[in-house]
Amino acid sequence: MPSAVTVAVVGARDQAKELGRKGTASDITLYNAVRDGHAVTLIEPTQFPDKFGALLFALGMADRTLFVVDALGREVAETAAVVDLFETPVDIALGPAVGESELRRAFKGTRLESAPAAPLDFPKLRAAIDGWAAPAAPGDVVVRIDHAFPVKGVGTVALGVVRRGTLKAHDKLRLYPEEKVIEVRSIQVHDVDVPTAATGERVGVALKGIDADELARGQTLAPEGSLSVATELAATVDKPCRYYKGTVSEGLVGNLLIGLQLVPAKVVAGSSGGPLKVETDRPVVFSPGDPAFLADLSAAPGPRIAARLKLGAS
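Residues numbered from 1 in each chain as written. Predicted model: local features only at pLDDT ≥ 70, side-chain atom pairs only at ≥ 80, totals over all residues. Heavy atoms only, no water.

Novice: Looking at this model, I keep getting lost on the packing of helix α1 (residues 52-61) against helix α2 (residues 74-83). Mind explaining?
Specialist: Helix-helix packing: each pair is described by the crossing angle between the helix axes and the interaxial distance. Relative orientation of the contacting elements α1 and α2 amounts to 40 degrees, with a least axis distance of 11 Å. With respect to each other, α1 and α2 are oriented oblique. α1 and α2 meet at a crossing whose hand is right-handed. On α2, the residues touching Phe52, Leu55, Leu56 and Leu59 of α1 are Glu78, Thr79, Val82 and Val83. When grouped by side-chain class, the residues that make up the contact of α1 with α2 number six nonpolar, one polar and one charged. (Axes fitted to C-alpha atoms, helices over the stretch in contact; angles between N-to-C directions. Helix = DSSP H or I, 4+ residues; strand = E, 2+ residues; numbered from the N terminus. Parallel < 35°, antiparallel > 145°, perpendicular 65-115°, else oblique. Left-handed = near helix turned anticlockwise from the far one by under 90°. Contact = heavy atoms within 4.5 Å. Nonpolar A, V, L, I, M, F, W, Y, C, P; charged D, E, K, R; others polar.)

This is the structure:
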């Protein structure tokens, strides 16, 4: 059966081009490879560290993380602090200038301390990636949009990954967090027309009833009533960043990543030891229990990630 996986390639720059063919490019750059029915999407945070959100988006889209370490410095340290908060499996590829014992010392106390590590070897990496797959996620379909554009003769096309369930041509789905319901006209997976797309597959979806300029990264296609929308969120600190110098408590102003939505947010009540109330500057879509990642851009030059939160019912 066909399988698919999305991999964030972080740490060293310009590594994914050795593993796939370049596709969509913005603040993140996507590369694609299809071998023996296995579809691989690789994402690099091209504009990180200047745009911190690029790293969050790459990790937020991924089923798995490939952390390429060719030097130990501030950029790698901040990347490690963020990767530590995400729960997707991580594999480390070491450049010739970094020894494994040095790496373990640098990442002591994080989940990276015990992550699998091996010398950077692209043929071996390709073979390994061909054995990776997105985890099964049954239930109502969820597609997170990351890019959109008009196509002559086709109309509006949204690019994204099926994060749950199965997407079918002619599905009528709500475009969360908006209230608009739109129809899936057709589906492509790596430029091949298909009637359905399963969890983990990256899709190009032709949509009926909407213009491309109405779409934005972070919007989600899902059945009406299957997701929640709010501007006031209940949350708890699931895992703090061990290197963050501030405190996650009332008054903290930052940015919140939920899925692929990165929105200005403020902690309006509570502290890291108990329940929090977080307000966002616009409606966000989520399910109770979803992870969210709180960033504090004022924390530079230290890590700009503060904590992973767990969202409750609004």
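Novice: What's the story with the pattern of salt bridges in this structure? I'm lost.
Specialist: Side chains that carry opposite charge are capable of pairing whenever their charged atoms lie near each other. The tally for this structure, following the rule as stated, stands at 17 salt bridges. For Arg163, the salt bridge goes to Asp63, with nearest N and O atoms at 2.3 Å. Of the two residues, Arg163 sits in strand β9 (residues 155-164) while Asp63 sits in the loop between α1 and β5 (64-69), which places them 100 residues apart along the sequence. Among the residues examined, Asp63 registers a relative accessible area of 9% and is labelled buried. For Arg174, the salt bridge identified is with Glu224, shortest N-O distance 3.0 Å. Here the residue Arg174 occupies a position in strand β11 (residues 172-176), and Glu224 occupies one in the loop between β16 (220-222) and β17 (228-240), the gap between them amounting to 50 residues. (Salt bridge = Lys/Arg side-chain N within 4 Å of Asp/Glu carboxyl O. Buried < 20%, exposed > 50% of the residue type's maximum accessible area, 1.4 Å probe, protein only.)

Novice: What is the right way to read the nonpolar core from this model?
Specialist: Residues Phe67, Ile92, Val248, Leu256, Ile305 and Leu309 are the most contacted members of the largest nonpolar core, which totals 60 residues. With eight residues, the single largest contributor to this core is α1. Apart from residues lying up to four places away in sequence, Ile92 is in contact with Phe67, Val69, Leu103, Arg104, Phe107, Leu112, Ala115, Pro116, Ala117 and Ala118. One finds Val162, Leu167, Ala197 and Val205 within the second-largest nonpolar core, a separate group that totals 19 residues. (Core = buried A, V, L, I, M, F, W, Y, C linked by side-chain atoms within 4.5 Å.)

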